[in-house]
Amino acid sequence: MNTLAVVITTPPHSPLTATAINYVESALVAGINVIGVFFYQGGAMHANSNISIASDEYQAIEHWQQLAQQYQLPLHICITAAEKRGIACDAIDGEKLNGAFTVSGLGELVELSTKASRLVQF
Amino acid sequence: MTSLNITIEGLAIINSKAPFGSTDGKDALDIALIFGSFEQKVSLFFQGDGVYQLMAKQDGSLISIKDYLKTFSAFEFYDIEDIYVCQQSLFERNLNEKFHIDDVQVLTPREFGEAIKQHQHVLRF
Amino acid sequence: MSTLHLVRQSAFTTNDFAQCINILGQRDTIVLMDDGCYNLKHTLLDTLLNTVTTSQLNVITSHARARAIDIQANVNNIEMSALVALTFTHQQVVTWQ
């Protein structure tokens, strides 16, 4: 079975994010088992629920949420990267965290890389 | 460099950025240390401006940057043994092989590319 | 062992494409995508073709068309689904971004 893990280091406001989302969606449509997406560096900004992108622009975060729902795609956000960027990840102040994302550590990336037959970075 | 009988496993991290102009070097280091502490094979590759991360006598404190390069000397405690630098990148930058850690292997671009292929996954920062 | 190289940056801006070419293996495959599509017109393309043949060179068609870049006839035009397939026909993937 082909398994894929994806590392996202591109922030949501970058036009290049659409490429990553199209790639992941193509993999899911092709029946590839995408075992998880790990958001690192600027990629962690995807989990910021306070981000508001003009309605006539590409809605990167919404697309991730749709993929997560439709395909039960796990979206992991690196806690260190998130906290550095003002996204509180604890239970009390967690309202800044988008619920579609799971707070994880870099250990999750180790896990994904050992399980995935391919690891692709965007 | 012979590549026979070497199993394809672990992670190769290519460092391509200078140490103090972005957080890429530190972010890559954090990944390397985690893989090491989980006893997963991880090798570090330095290419392009990434070779500056290895040069001796740097001092980030002069520019208010936490000197994460010092952590490189702890690689052996994390079983990170394979550290490769691109010879051509050194040459292009007029750098000699004076690194701040031991056991750095200087490879030609061809050897460098072949060494990356000995890993299952590759991340580049 | 073959590697799939995803080139996402213009070589007119960064050295990424040059670094990719430096370590390229003869059996590797290159995909030009995002601003990497501009490299179709860069002189480094000739250097690239010293190591690999045009059959190993791919471009994401929509990414090039969006940027009004003419694609040479001998370069493979692919879309995302083909990129997913290439991911699994190569041993590893390196993203140059």
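The name given to chain C in an unreviewed UniProt entry is Sulfurtransferase complex subunit TusB, and the organism recorded there is Colwellia echini.

In the annotation of an unreviewed UniProt entry, chain A is listed under the name Sulfurtransferase complex subunit TusD and assigned to Colwellia echini. In its Subcellular location (unreviewed entry) section, the UniProt entry covering chain A states "Cytoplasm". For chain A, the Sequence similarities (unreviewed entry) comment in UniProt is given as "Belongs to the DsrE/TusD family."

Chemist: It is not clear to me how the overall build of chain A should be interpreted in this structure. Could you clarify?
Modeler: For chain A, the count of helices and strands is four helices and five strands. In terms of overall size, chain A behaves like a compact globule, its C-alpha atoms giving a radius of gyration of 14 Å where 122 residues would be expected to give roughly 14 Å. Structurally, chain A occupies a C-alpha span of about 40 × 35 × 20 Å along its principal axes. Evaluated residue by residue, chain A yields a buried proportion of 56% over its 122 residues.

Chemist: What's the story with the sheet that holds strand β1 (residues 11-15) of chain B in this structure? I'm lost.
Modeler: Whether parallel or antiparallel, the strands of a sheet pair through hydrogen bonds between backbone atoms. All names here are of chain B. Sheet architecture is open: five strands sit in the order β4-β3-β2-β1-β5, paired in parallel fashion. Both outer strands of the open sheet, β4 (104-107) and β5 (121-124), are each paired with one neighbouring strand and no more. When the angles between neighbouring strand axes are averaged without regard to direction, this sheet yields 25 degrees. For β1 and strand β2 (residues 42-46), the ladder comprises five bridges, and the chain directions are parallel. Residue pairing for β2: Ile13 is matched across the bridge by Leu44.

Chemist: How should the packing of aromatic side chains be read in this particular structure?
Modeler: A ring pair, where both rings are aromatic, is described by two values, the distance of the centres and the angle of the planes. What the rule picks out here adds up to ten aromatic pairs over all chains. Connected via pairs of aromatic rings, a cluster forms that spans B:Phe46, B:Tyr68, B:Phe72 and B:Phe75.

Chemist: Which parts of the structure should I look at to understand the UniProt feature "transmembrane region" (unreviewed entry) in chain A?
Modeler: According to UniProt, the positions carrying the feature "transmembrane region" (unreviewed entry) are residues 20-40 of chain A. Measuring from the first to the last C-alpha atom of residues 20-40 of chain A gives 14 Å, for a span that is 48% helix and 33% strand.

Chemist: What is the right way to look at the interface of chain C and chain A in this model?
Modeler: For an interface, size is often stated in terms of accessible area lost upon the parts coming together. Chain C puts 17 residues into the contact, and the matching count from chain A is 18 residues. Note on chain C versus chain A: buried area summed over both sides is about 1,400 Å², and carbon and sulfur give 63% of it. The interface formed by chain C and chain A contains zero salt bridges. Along the contact surface separating chain C from chain A lie seven residue pairs in polar contact (both at pLDDT 80 or more).

Chemist: Hey, could you run me through the pairing of strand β2 (residues 29-32) of chain C in this one?
Modeler: On a regular strand, each side chain points to the face opposite its neighbour's, so the side chains alternate between the two faces of the sheet. Residues and elements named next belong to chain C. Burial along β2 is two-sided: Thr29 and Val31 and Ile30 and Leu32, pointing in opposite directions, are all buried. Across four bridges, strand β1 (residues 3-7) lies against β2 in parallel orientation. Residue pairing across strands places Val7 opposite Leu32, the latter belonging to β2. Once you follow β1 into helix α1 (residues 16-22) and on to β2, the crossover reads as right-handed. Where β2 and strand β3 (residues 57-60) come together, three bridges link them in parallel fashion.

Chemist: Can you walk me through the pattern of salt bridges in this structure?
Modeler: Oppositely charged side chains can pair when the atoms bearing their charge come close. Enumeration according to the criterion identifies eleven salt bridges over all chains in this entry. Between B:Arg124 and C:Asp16 there is a salt bridge, with its nearest N and O atoms 3.1 Å apart. Remark: C:Asp16 occurs in helix α1 and B:Arg124 occurs in strand β5; the pair is interchain, linking two chains. Of the two residues, B:Arg124 and C:Asp16, neither departs from the other in class, the shared state being buried. Across the pair C:Asp34 and C:Arg8 runs a salt bridge, and its minimum N-O distance is 2.6 Å. Placement of the pair is C:Asp34 in the loop between β2 and α2 (44-51) and C:Arg8 in the loop between β1 and α1, with a sequence separation of 26 residues. The two residues C:Asp34 and C:Arg8 agree in class, both being buried. When salt bridges that share partners are traced, they join B:Asp49, B:Glu92 and B:Arg93 into one network.

Scoring rules and cut-offs
- Residues numbered from 1 in each chain as written.
- Chains lettered and ligands numbered in written order.
- Predicted model: local features only at pLDDT ≥ 70, side-chain atom pairs only at ≥ 80, totals over all residues.
- Heavy atoms only, no water.
- UniProt positions renumbered as here; feature names shortened; annotations may be inferred.
- Helix = DSSP H or I, 4+ residues; strand = E, 2+ residues; numbered from the N terminus.
- Rg over C-alpha atoms; globule rule 2.2 N^0.38 Å.
- Buried < 20%, exposed > 50% of the residue type's maximum accessible area, 1.4 Å probe, protein only.
- Pairing = 2+ DSSP bridges.
- Axes fitted to C-alpha atoms, helices over the stretch in contact; angles between N-to-C directions.
- Phe/Tyr/Trp six-rings, centres within 6.5 Å; stacked < 30°, edge-to-face > 60°.
- Contact = heavy atoms within 4.5 Å.
- Buried area = accessible area lost by both parts, 1.4 Å probe.
- Salt bridge = Lys/Arg side-chain N within 4 Å of Asp/Glu carboxyl O.
- Polar contact = N/O pair within 3.5 Å; in protein donor to acceptor, adjacent residues only side chain to side chain.
- Right-handed = clockwise from strand over helix to strand, strands pointing away.

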